[in-house]
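# Observations on chain architecture
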Amino acid sequence: MDGMSSEAAAMRPSAPAQGRRPWVAAADVFIGRLVEIPAAILVLAEVAILFAGIAARYVFHTPLVWSDELASILFLWLAMLGAVVAFRRGEHMRMTAFVNRASPATRAFLDMLAVSAALAFLLMILMPGWEYATEEQYVSTPALEISNAWRAAALPVGTALMIALALLRLIERAGWRTTLKAVGLVAAGVAILAALQPVLATLGNANLAIFFVGIVALCVFAGVPIAFSFGLATYGYLALTTSTPMMVVVGRMDEGMSHLILLAVPLFVFLGLLIEMTGMAQRMVAFLASLLGHVRGGLSYVLIGAMYLVSGISGAKAADMAAVAPVLFPEMRKRGADEGDLVALLSATGAQTETIPPSLVLITIGSVTGVSITALFTGGLLPGLVLALMLCVVVWRRYRGESLHGVQRAPGREILRTLVIALPALALPFVIRAAVVEGIATATEVSTIGIVYSVLVGLLIYRRFDWRRLGPMLVDTACLSGSILLIIGAATAMAWALTQSGFSTQLAHLMASVPGGAVTFMAVSIVVFVVLGSVLEGIPAIVLFGPLLFPIAREVGIHEVHYAMVVILAMGIGLFAPPFGVGYYAACAIGRVAPDKGIRPIMGYLVSIAVGLLVVAAIPWLSTGFLR
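Residues numbered from 1 in each chain as written. Predicted model: local features only at pLDDT ≥ 70, side-chain atom pairs only at ≥ 80, totals over all residues. Heavy atoms only, no water.

The chain carries the name ABC transporter permease in an unreviewed UniProt entry, which gives Bordetella genomosp. 9 as its organism. The UniProt entry for the chain carries this comment under Function (unreviewed entry): "Part of the tripartite ATP-independent periplasmic (TRAP) transport system." (UniProt positions renumbered as here; feature names shortened; annotations may be inferred.)

Here it is, written out as structure tokens:
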């Protein structure tokens, strides 16, 4: 929501109107099958290719020189087909705080407006995408020696499929008047901006505020998916205020989406789904419950500990919460726990575990700033533990008067039995981290070790592996990954446009000139990233501002790993803080609790996390003490 994350909540559009046209339904199903089957196959292919590369290099000492290249080619197709699946399901990440408060008629209009805005951007980049793929035919890949057009063709193909789906949505949903109003409003907005092009060309950097603040904010708050909001602003800025060829927009999107380190996104998402399906998460939670279930607030401590452990496996906050909440919430409700407090604590643990590897935000920071992924993985453990302890203090205060009538302490034999059962599952985080630290696999490849390990544990030890769920899990992986990667691609294009405008230089000068040096810079960064986390979410905020602010942090003497931990935790607070934090609404959906019930209880947890963040910011050793 790792990972809308994700680690982010996605909202589906309004239900189709009654009397849906049969040919529209048939076309929708056809496109769904056309895209979902190849997307699922691509996820499996990536796992096989990367694991084969590990085996060839580490076991047989004969590296496959073509494995990374082939994985990169397939990755762009996986990203674009996944984006198409997300578009069809209405699961591209969007902010719906205002949309959900509107009347049904207004909500239907805003849904159509979101589809119309997305369609406008897709139509704008269709021809540049085709030109980009055509130009790439003259480039040959170094290892496989095939035309790079085979990879670049994913962009226009995915764009064309999303255009078809957008047209189907406009036909099938709401009334024709509502649809015409939405399409007309978007068309009018584009026409007005085009007519004002001579004026905009004279405004200089004021255009940055118009496009990257005004248009982005307008689109985001109107419920337009974040990726398309970024894309519209970037395309409009470059097309109307510069002489940059629009093919550059597609090229920058390609660059952002196909960075090989980001292949960890779909693979860790799939791993998170696997550990839930194989029962590994359930065994971990059962062991923790046997240890602490008899103390006041014991299951709340278990929830905090379980999220800490599971976050070290899946990398996606939505997957973490989905693995833990269904196991713990029923028993906690039986003990009389307040539903609002349950979802508040679940949200708070989501923010607390943002730094625990292999967080998708950590991987993104490494990919866009050049900071060592291994160093980020090592540095994230203690900050997460500090925040966990702060949450435990709040749990202790709230539950110190809890009645334990009827709750029995688990005997030592029962604790030992659940430990033995949980050992294969508890070992997974250590297997993953050891593989990275010892150099057996890269941060991208290591997820395949976890996948193979989980499959073997599910088949041979826990005897719980539902083959019928495998297909839907692969499609879900592609869907979530596509929505995340499209945001990264659009945000990369926006970051490039901001850099070309000279904004990065001006921002660097402004931030570097703030009096107080490192302390003031860190304080300002915390405030900024709390706001960015609530509006943009972690991944797009990092893609946009990471390359700009991390060099400044180095200049003022802040260790880049320390700065990364503070930034991530600040964004986590914003991501899970109501009323704007979409992570909070994801937790409510997973816990099946009305959002209004958790707003008051979560405030205490957020305050404790904020205190923990200040501790982490003030003590760099917590982030850098174990770096080599």
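## Concerning the overall build of the chain
Tallying secondary structure elements over the chain gives 28 helices and zero strands in all. Taking 628 residues into account, the globule formula puts the C-alpha radius of gyration at 25 Å, and the chain, at 24 Å, falls close to it. The 628 residues of the chain split such that 57% are buried. When the accessible surface of the chain is split by element, carbon and sulfur atoms take 68% of a total near 24500 Å². Averaging the positions of the 38 positive and the 33 negative side-chain charges in the chain gives two centres separated by 11 Å. (Helix = DSSP H or I, 4+ residues; strand = E, 2+ residues; numbered from the N terminus. Rg over C-alpha atoms; globule rule 2.2 N^0.38 Å. Buried < 20%, exposed > 50% of the residue type's maximum accessible area, 1.4 Å probe, protein only. Areas by Shrake-Rupley, 256 points an atom, 1.4 Å probe, with all protein chains shown as cover. Lys, Arg positive; Asp, Glu negative; His and termini not counted. Charge placed at Lys NZ, Arg CZ, Asp CG, Glu CD.)

## Details of unusual backbone geometry
Phi is positive for histidine 61, close to 55°, though the residue is something other than glycine. Here histidine 61 lies in the loop between α1 (22-59) and α2 (67-89). Positive phi values are uncommon outside glycine, yet arginine 463 reaches one of about 50°. Take arginine 463: it is sitting in the loop between α20 (446-461) and α21 (470-500).

## Quick notes on the domain arrangement of the chain
When the domains of the chain are assigned, the result is domain 1 (22-258) and domain 2 (263-625). One C-alpha centre belongs to domain 1, the other to domain 2; they are set 27 Å apart. Listed per partner, the contact involves 51 residues of domain 1 and 46 residues of domain 2. With both sides pooled, the region where domain 1 packs onto domain 2 buries about 4300 Å², and carbon together with sulfur makes up 81% of that total. In terms of surface lost to domain 2, no three residues of domain 1 exceed Leu50, Met93 and Phe230, which account for 14% of the buried area on that side. There are two salt bridges connecting domain 1 and domain 2. Seen at the junction of domain 1 and domain 2, the total is three residue pairs in polar contact (both at pLDDT 80 or more). The set of elements that each furnish at least two residues to the side of domain 1 that touches domain 2 consists of α1, α2, α8 (206-221), α9 (226-241) and α10 (247-257). If one sorts the elements of the side of domain 1 that touches domain 2 by residue count, α1 sits on top with 12 residues. The residue inventory of the side of domain 1 that touches domain 2, partitioned by class, reads 35 nonpolar, seven polar and nine charged. (Domains from an automatic or database assignment. Contact = heavy atoms within 4.5 Å. Buried area = accessible area lost by both parts, 1.4 Å probe. Salt bridge = Lys/Arg side-chain N within 4 Å of Asp/Glu carboxyl O. Polar contact = N/O pair within 3.5 Å; in protein donor to acceptor, adjacent residues only side chain to side chain. Nonpolar A, V, L, I, M, F, W, Y, C, P; charged D, E, K, R; others polar.)

## A short note on the environment of leucine 376
Considering the arrangement of structural elements, one finds leucine 376 in helix α17 (residues 373-379). For leucine 376, a relative accessible area of 0% puts it in the buried group. Between the alpha carbons of leucine 376 and phenylalanine 121 there is a distance of 35 Å; along the sequence they are 255 residues apart.

## Details of the pattern of salt bridges
The final tally for this structure, using the stated rule, is 13 salt bridges. For glutamate 339, the salt bridge identified is with lysine 597, shortest N-O distance 3.4 Å. With glutamate 339 in helix α15 (residues 339-352) and lysine 597 in helix α27 (residues 595-618), this residue pair connects regions lying 258 residues apart in the sequence. The exposure class assigned to glutamate 339 is partly exposed, which follows from its relative accessible area of 27%. Among the charged side chains, a network of salt bridges with common partners joins Asp28, Glu36, Arg88, Arg169 and Glu172.

## Comments concerning the environment of serine 623
Within the fold, serine 623 resides in helix α28 (residues 621-624). Residues serine 623 and proline 198 lie 425 residues apart in sequence; the distance between their C-alpha atoms is 50 Å. Those residues in contact with serine 623, other than ones at most four positions away along the chain, are Gly379, Pro383, Val561, His562, Met565 and Val616.

## Quick word on the nonpolar core
Within soluble globular proteins, side chains that are nonpolar tend to cluster in buried spots. Ranked by internal contacts, the top residues of the largest apolar core, which has 213 residues, are Phe228, Phe529, Tyr563 and Tyr605. The leading source of residues in this core is α21, at 18 residues. Residue assignment places this core across two domains, with domain 1 (22-258) and domain 2 (263-625) each supplying three or more. (Core = buried A, V, L, I, M, F, W, Y, C linked by side-chain atoms within 4.5 Å.)

## Description of the packing of aromatic side chains
Per the counting criterion, the structure on display carries eight aromatic pairs. On the numbers, 5.5 Å between centres and 50° between planes, the contact of tryptophan 621 with phenylalanine 626 is tilted. The class of phenylalanine 626 is exposed, set by a relative accessible area of 56%. Connected via pairs of aromatic rings, a cluster forms that spans Phe87, Phe121 and Phe228. Lying across the ring of tyrosine 462, arginine 283 places its NZ or CZ 4.4 Å from the centre. (Phe/Tyr/Trp six-rings, centres within 6.5 Å; stacked < 30°, edge-to-face > 60°. Lys NZ or Arg CZ within 6 Å of the ring centre and 35° of its normal.)

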